[in-house]
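Here are the chains, one letter per residue:
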Amino acid sequence: MNDSSWGARPTAGYWVPPDQGSGRGAPPAGPAYDAQEALLPSATQPMPIVPDTPAPPQEPMPSAPQPAPAAPQPAPKKSAGRDLGAAIGVGVGLGAVIIASLFIVKAVFVGVIAVAVVVGLWELTSRLEERKAIKAPLVPLAVGGAAMVVAGYVRGPEGAWVAMALTALAVLVWRMTEPPEGYLKDVTAGVFAAFYVPFLATFVALMLTADDGAWRVLTFLLLTVVSDTGAYAVGWRFGKRKLAPRISPGKTREGLLGAITFAMAAGALCMEFLIDGGTWWQGLLIGLAVAASATLGDLGESMIKRDLGIKDMGTLLPGHGGIMDRLDSLLPTAPVVWLLLVIFVGSG
């Protein structure tokens, strides 16, 4: 309802019946009233003439033909969401480079690790700056990350820890050259990046220092790849129940079971035939641990990317995304495999 329905005061040209008071509310003379009066129905206007014969009934209009129901569409086929041809080609090429450098000259493989670390740091810091305005200093991270990998290979775990501490200190000092606004978040992100990428990658170099280091690294790579492949294959074909829908909607519990099954089988074979002194039951345990760590690493980076609002960390590898999109499951798995191999067969 509006105000006029509740007795708003009449305006000019408002007509009041004569029985509601003498002269009160009488219409004023003048053009305004005349124009208003011309619009009101008069008592002397003739009534409309109604004919004696009723009008013939009108035939109903024929209804428009209804369209035929659409044929049911076939259910869409499952899609991997990526260019599988490009992904396979890039994967085979990377595998060839890794295997060649691993078994020909160990130092070259250490260089491959260092390059992957620097590129991964560049991708991570770039996305942090683009999406969150966090400026983690790349220069000390790149230099310290490469030094961390080399120190781990040359000086062992002690060298890796010292390089990690010096890298964190360099990040704190380097950021002091800029205004203090955002200092805390920038250096926090820098220390996190130093631990997440180069420090975890250093455990691959530590595996390489053993007498059978090349086979240990190969076992680590095979188990991680087999775990990811098993999760993808089983999840794509049979996956129905979501594993962590809020973090990574594509992952399923069936895929996790596939990762565990494939990784445990591959672990038993690798420990039995590739590692000196290894046994199949140790491989089952290592495969189970790899499936767990690889899945957690994948979910961890999915959480980071979801927070940043991006799908991939980069576009350097067609069909895969960026370097960090390939390192997500490898990085947290490296210290797990290194530790279990040291426990089962020694440091070599």
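See above for the structure.
Parameters at a glance
Residues numbered from 1 in each chain as written. Predicted model: local features only at pLDDT ≥ 70, side-chain atom pairs only at ≥ 80, totals over all residues. Heavy atoms only, no water. Phe/Tyr/Trp six-rings, centres within 6.5 Å; stacked < 30°, edge-to-face > 60°. Helix = DSSP H or I, 4+ residues; strand = E, 2+ residues; numbered from the N terminus. Buried < 20%, exposed > 50% of the residue type's maximum accessible area, 1.4 Å probe, protein only. Salt bridge = Lys/Arg side-chain N within 4 Å of Asp/Glu carboxyl O.

**Remarks on the packing of aromatic side chains**
For step 1, the next point in the chain: Under the defined criterion, the tally for this structure stands at 7 aromatic pairs.
For step 2, the next point in the chain: Ring geometry for F199 and F203: centres 5.6 Å apart, planes at 85°, overall edge-to-face. Of the two residues, F199 and F203 are both situated in helix α5 (residues 183-208); the distance of 4 residues between them amounts to about one turn of the helix.
For step 3, the next point in the chain: Here F203 falls in the buried class, since its relative accessible area comes to 13%.
For step 4, the next point in the chain: Taking 5.9 Å as the distance between ring centres and 70° as the angle between the ring planes, the aromatic pair formed by W281 and F344 counts as edge-to-face. With a gap of 63 residues between them, W281 in helix α8 (residues 280-308) and F344 in helix α10 (residues 330-345) connect regions that are remote in the sequence.
For step 5, the next point in the chain: Taking the relative accessible area as the measure of exposure, W281 reaches 42% and is therefore partly exposed.

**Examining the pattern of salt bridges**
For step 1, the next point in the chain: The tally for this structure, following the rule as stated, stands at 7 salt bridges.
For step 2, the next point in the chain: With a shortest N-O distance of 2.9 Å, R216 and D212 are connected by a salt bridge. Just as R216 is buried, D212 falls in that class too.
For step 3, the next point in the chain: Its salt-bridge partner being D298, residue K251 comes within 3.4 Å of it at the nearest N-O pair. Separated by 47 residues along the polypeptide, K251 in strand β2 (residues 248-252) and D298 in helix α8 bring together distant segments of the chain.
For step 4, the next point in the chain: A residue is classified by how much of its surface remains accessible, and D298, at 21% relative accessible area, is partly exposed.

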